[in-house]
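Summary of structural features
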Amino acid sequence: MSSSVGSLTRQSGTAAEQMTGPVAVAYAPSKTFLNAVTLQYARELSGTNILINAGCPGYVATDLNGFRGVRTPEQGAAIAIKLATLPDDGPTGRFFQDAGVVPW
Ligand SMILES: NC(=O)c1ccc[n+]([C@@H]2O[C@H](COP(=O)([O-])OP(=O)(O)OC[C@H]3O[C@@H](n4cnc5c(N)ncnc54)[C@H](OP(=O)(O)O)[C@@H]3O)[C@@H](O)[C@H]2O)c1
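Residues numbered from 1 in each chain as written. Predicted model: local features only at pLDDT ≥ 70, side-chain atom pairs only at ≥ 80, totals over all residues. Heavy atoms only, no water.

Remarks on the overall build of the protein
For clarity, the cut-off: Helix numbering and strand numbering both begin at the N terminus, where a helix is a DSSP run of H or I of at least 4 residues and a strand a DSSP run of E of at least 2. All radius of gyration figures rest on C-alpha atoms, and the globule criterion is 2.2 Å times the number of residues raised to 0.38. Think of it in three bands: residues with accessible area under 20% of the maximum for their type are buried, residues over 50% are exposed, and the middle band is partly exposed, with areas taken using a 1.4 Å probe on protein chains only. Note on contacts: a residue pair is in contact if any heavy atoms of the two residues lie within 4.5 Å. Areas reported here follow the Shrake-Rupley algorithm with a probe of radius 1.4 Å; residue values treat only the protein chains shown as occluding.
Along the protein, the regular secondary structure elements total three helices and three strands. Beginning at the N terminus, the succession of helices and strands in the protein can be written as α-α-β-α-β-β. In terms of C-alpha radius of gyration, the protein reaches 14 Å, essentially the compact-globule figure of 13 Å for 104 residues. Dimensions of the protein, computed from the C-alpha atoms along their principal axes, are close to 40 × 30 × 25 Å. Considering the protein as a whole, with its 104 residues, one finds that 30% of them fall into the buried category. Restricting to contacts in the protein with at least 6 residues of sequence separation, those with at least 24 account for 58%. As presented, the protein carries roughly 6600 Å² of accessible surface, and 61% of it is formed by carbon and sulfur atoms.

Section: the sheet that holds strand β1 (residues 54–55)
Put simply, the rule is: By this definition, two strands are paired if DSSP reports at least two bridges between them.
Read from one edge of the open sheet, three strands run β1-β2-β3, paired in mixed fashion. Each edge of the open sheet is held by one strand with a lone partner, namely β1 and β3 (100–101). The pairing of β1 with strand β2 (residues 95–97) spans two bridges and is classified as parallel. Within the sheet, the bridge partner assigned to G55 lies in β2 and is F96.

Let's talk about the site of the ligand
Heads up, the condition is: A cutoff of 4 Å decides nearness: a residue is near a molecule or strand if any of its heavy atoms lies inside that distance of it. Contacts described as polar in this section are N or O atom pairs within 3.5 Å, which, within protein, must combine one atom able to donate a hydrogen with one able to accept it, while residues neighboring in sequence count only if both atoms come from side chains. As a working rule, the residues Ala, Val, Leu, Ile, Met, Phe, Trp, Tyr, Cys and Pro are called nonpolar, Asp, Glu, Lys and Arg charged, and the rest polar, with Gly in that last group.
Around the ligand sit 13 residues, and of these Y27, K31, G58, V60 and T62 come closest. The backbone of G58 places a nitrogen or oxygen atom 3.3 Å from an oxygen atom of the ligand. Within the side chain of N65, an N or O atom sits 3.2 Å from an oxygen atom of the ligand. Protein contact buries 40% of the 900 Å² of open area that the ligand shows by itself. Considering only residue class, the shell around the ligand consists of six nonpolar, five polar and two charged.

A few points about the packing of aromatic side chains
Threshold: Between 30 and 60 degrees the pair is tilted, below 30 it is stacked and above 60 it is edge-to-face, where a pair is any two Phe, Tyr or Trp rings, Trp via its six-membered ring, whose centres lie within 6.5 Å.
The full count for this structure, using the stated rule, is one aromatic pair. For the ring pair F95 and W104, a centre distance of 5.4 Å and an interplane angle of 25 degrees mean the geometry is stacked.

Observations concerning the side chain of S7
Position of S7 among the secondary structure elements: in the segment before α1 (8–12). S7 gets classed as buried once you look at its relative accessible area, which sits at 0%. Within the structure, S7 has its side chain in polar contact with the backbone nitrogen of R10 (distance 3.0 Å). Non-local contacts of S7, meaning those with residues more than four positions away in its chain, are made with N35, F95, V102, P103 and W104.

A word on helix α2 (residues 27–44)
Our working definition: Expected helix span is given by 1.5 Å per residue-to-residue step, counting one fewer step than there are residues. An arc is given here, and it is the one of the directions from the helix axis to the C-beta atoms.
Between its first and last C-alpha atoms α2 spans 26 Å; for 18 residues at 1.5 Å apiece the expected length is 26 Å, and the two agree. What α2 keeps buried is the set A28, K31, N35, T38 and A42. All buried residues of α2 lie within an arc of 60 degrees about the axis, which places them on one face of the element. Opposite the buried face of α2, at more than 90 degrees from it, the exposed residues are F33, R43 and E44. Here the buried face of α2 lies against β1 and β2.

Right under this line is the structure:
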């Protein structure tokens, strides 16, 4: 489970719509690292029946953010369920949120 704050593309965007969340010098890079690990596993396991993807739940009201998130836990869980139930020929080495692909 990653986060769009780990997206270097979004963090480095200059347009307001490309920015994501406050500056977080530990949390955001930890998700960038996780994204990089996701790609390495996806490469290692390409050609097998194991799919490796990263998912972002969106801004969910949980302990993590003092329940300030705007999505419910059920909405946040949807991406995990979607990725856990991909068809055998589904994508691998990608980063998704409900709305579609998140840029690395
Ligand atoms: N909430 C958001 O807006 C948001 C946005 C993007 C991504 N995410 C990601 O979604 C995931 C879940 O976040 P959340 O918002 O549900 O966070 P949370 O409310 O803080 O819950 C984190 C969960 O992880 C468990 N946990 C923490 N350290 C653990 C460890 N060392 N071993 C086993 N379990 C551990 C906690 O267990 P205990 O309760 O027992 O401590 C808790 O159940 C995280 O990876 C987060 O980065 C969240």
